Amino acid sequence: MSTPNPESQRHALLRGVFEDNQKLVGHTVSKQRRTTVWWSMGISLLVIVIALMVGSVEEGGKAEPVSSVEILTSPDQRILASQDEMVASESTTDLPLSHVYGLDVRTIVLDPGHGGHDPGASGPVGLSEKTVTLDVALRLERRLKSRGYNVVLTRREDVSVSLRQRVEDARVNEADLFVSIHVNSIPVDSLAFIETYYFSPRGDARAEELAFRENFNAGYSVAQWQNSLEELGQTVRDEDSRRLATHIQNAMMSNMRKINPGIHDWGTRSGPFTVLLNAKVPAVLAEITAISMPEEEQNLLEDAYREQLAIGLESGIISYLSAMDSSVTTAD
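In this report, we go over the structure that sits alongside the text.

Thresholds applied
- Residues numbered from 1 in each chain as written.
- Predicted model: local features only at pLDDT ≥ 70, side-chain atom pairs only at ≥ 80, totals over all residues.
- Heavy atoms only, no water.
- Helix = DSSP H or I, 4+ residues; strand = E, 2+ residues; numbered from the N terminus.
- Expected span 1.5 Å × (residues − 1).
- Buried < 20%, exposed > 50% of the residue type's maximum accessible area, 1.4 Å probe, protein only.
- Core = buried A, V, L, I, M, F, W, Y, C linked by side-chain atoms within 4.5 Å.
- Contact = heavy atoms within 4.5 Å.
- Pairing = 2+ DSSP bridges.
- Axes fitted to C-alpha atoms, helices over the stretch in contact; angles between N-to-C directions.
- Phe/Tyr/Trp six-rings, centres within 6.5 Å; stacked < 30°, edge-to-face > 60°.
- Arc of directions from axis to C-beta.
- Salt bridge = Lys/Arg side-chain N within 4 Å of Asp/Glu carboxyl O.

Notes on helix α5 (residues 129-145)
Turning to step 1, where the next piece is worked out: If you check α5, its first and last C-alpha atoms are 24 Å apart, about what 17 residues at 1.5 Å a residue would give, namely 24 Å.
Turning to step 2, where the next piece is worked out: Listed in full, the buried residues belonging to α5 are Glu129, Lys130, Val132, Thr133, Leu134, Val136, Ala137, Arg139, Leu140, Glu141 and Leu144.

Here's the deal with the nonpolar core
Turning to step 1, where the next piece is worked out: Membership of the largest hydrophobic core comes to 41 residues, with the highest contact counts inside it found for Ile288, Leu313 and Ile317.
Turning to step 2, where the next piece is worked out: For this core, the elements supplying multiple residues, two or more each, are β1 (107-112), α5, β2 (150-153), β3 (177-184), β4 (193-199), α9 (235-256), β6 (283-290) and α12 (303-331).
Turning to step 3, where the next piece is worked out: Of all the elements, α12 adds the most residues to this core, at nine residues.
Turning to step 4, where the next piece is worked out: In contact with Ile317, not counting residues within four places along its chain, are Ile108, Leu140, Leu144, Leu177, Val179, Leu244 and Ile248.
Turning to step 5, where the next piece is worked out: Counting residues in each nonpolar core, the second largest holds 17 residues, with Val167, Tyr197, Phe199 and Val281 among its members.

Structural notes on the environment of Leu177
Turning to step 1, where the next piece is worked out: Inspection of the secondary structure assignment puts Leu177 in strand β3.
Turning to step 2, where the next piece is worked out: Each C-alpha atom, one on Leu177 and one on Arg106, is 8.5 Å from the other, the two residues being 71 residues apart in sequence.

Quick word on the sheet that holds β1
Turning to step 1, where the next piece is worked out: If you walk across this open sheet you meet the six strands as β2-β1-β3-β6-β4-β5, and the pairing is mixed. Whereas interior strands pair on both sides, the edge strands pair on one side only; in this sheet they are β2 and β5 (264-271). Going from strand to strand, the sheet's axes swing by 20 degrees on average, the running direction of each strand aside.
Turning to step 2, where the next piece is worked out: In this structure, β4 lies alongside β6, joined through three bridges in antiparallel fashion. If you follow Thr196 over to β6, its bridge partner there is Ala286.

Overview of the packing of aromatic side chains
Turning to step 1, where the next piece is worked out: One pass over the full model with this rule turns up two aromatic pairs.
Turning to step 2, where the next piece is worked out: Ring geometry for Phe193 and Trp266: centres 3.8 Å apart, planes at 10 degrees, overall stacked. Of this pair, Phe193 sits in strand β4 while Trp266 sits in strand β5, placing them 73 residues apart in sequence.
Turning to step 3, where the next piece is worked out: The exposure class of Phe193 is buried, given its relative accessible area of 0%.
Turning to step 4, where the next piece is worked out: Ring geometry for Tyr197 against Phe273: centres 4.9 Å apart, planes inclined by 65 degrees, an arrangement best described as edge-to-face. Taken together, the residues span a long stretch of sequence, with Tyr197 in strand β4 and Phe273 in the loop between β5 and α10 (274-277) at a distance of 76 residues. Here Tyr197 matches Phe273 in class, with each residue buried.

Some thoughts on helix α6 (residues 163-172)
Turning to step 1, where the next piece is worked out: Every buried residue of α6 is listed here: Leu163, Arg166, Val167, Asp169 and Ala170. In a view along the axis of α6, the buried residues occupy a sector of 155 degrees, so they form one face of it. Exposed residues lying more than 90 degrees from the buried face of α6 are Arg171 and Val172.
Turning to step 2, where the next piece is worked out: Of the residues flanking the end of α6, it is Glu174, one or two places downstream, whose phi is positive at about 50 degrees.

What to know about the pattern of salt bridges
Pairs can form between side chains of opposite charge once their charged atoms are near each other.
Turning to step 1, where the next piece is worked out: Per the counting criterion, the structure on display carries 16 salt bridges.
Turning to step 2, where the next piece is worked out: Across the salt bridge formed by Asp135 and Arg306, the nearest N and O atoms sit 2.7 Å from each other. In this pair, Asp135 is assigned in helix α5 and Arg306 in helix α12, connecting sequence segments 171 residues apart.
Turning to step 3, where the next piece is worked out: Arg139 is the salt-bridge partner of Asp303, the closest N and O atoms lying 3.7 Å from each other. Highlighted residues: Asp303 in helix α12 and Arg139 in helix α5, separated in sequence by 164 residues.
Turning to step 4, where the next piece is worked out: Overall, Arg139 belongs to the buried group, its relative accessible area being 14%.

Listed below in structure tokens is the structure:
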């Protein structure tokens, strides 16, 4: 006998409450019927509350992490949010579209952010983002090449490269994946965090502020950028970019928390980064830490720490590629 699905039960109860409300609003009912309906609603809501309380505990008695639903103040918002989560969980397939069309990954382009006259972010004692990103990219290149992948860097030394040229390098080298490596900086100097971006035309305020810094001196005219925007119908690229970002973020956090338990997980996000828009292949921008934190800047000065950052990126890329392969095997 199969165990009832708590989410399905909750959905059915909510639907029952909605239908009873509709009857109350749209039809004249007897006093007895109204009493029955209100009792039904009360019992239904009580069951929902109990279900929510029971569902918040994992097997083994461990509590779930606090979700966005739990910090909403309005009960109505909590119910609406739980409904949204139910709808979002009803996915039809997890097969990457790139594999639906029989596509493979042979060439990976690594893009060390900034360079030359553009130092990027700087730490309290003067360590530059451009130096860290190039070092980590070179380490990652070595690791991926040892696995048999063709790896191309958009720069191999401290030189200025426009965003347009970086994208062109990816196109000329027939990139299958594009990973842009960056180090973040924020006004709060007590935070170190990792976050990974994929493209969307707009993002939240912080994402757009960051994109403004990263898009500076992109090398595109408005007309040229608009032409690129009109070609956004690349479902394969967009879906796989999101998947790649998720795998990299998860692997980076899993690896770096082993040596730096205080690093924060800021998750995967979408934002209007020109270098991602024009990559034309699955592409992400990885903010691998925050150089504005003094302790983290000191960590970045250590070779072993930068090697671990490269290992985290490598693990994310390989995890993404492995998931693609396993999903095809399952489909077959």
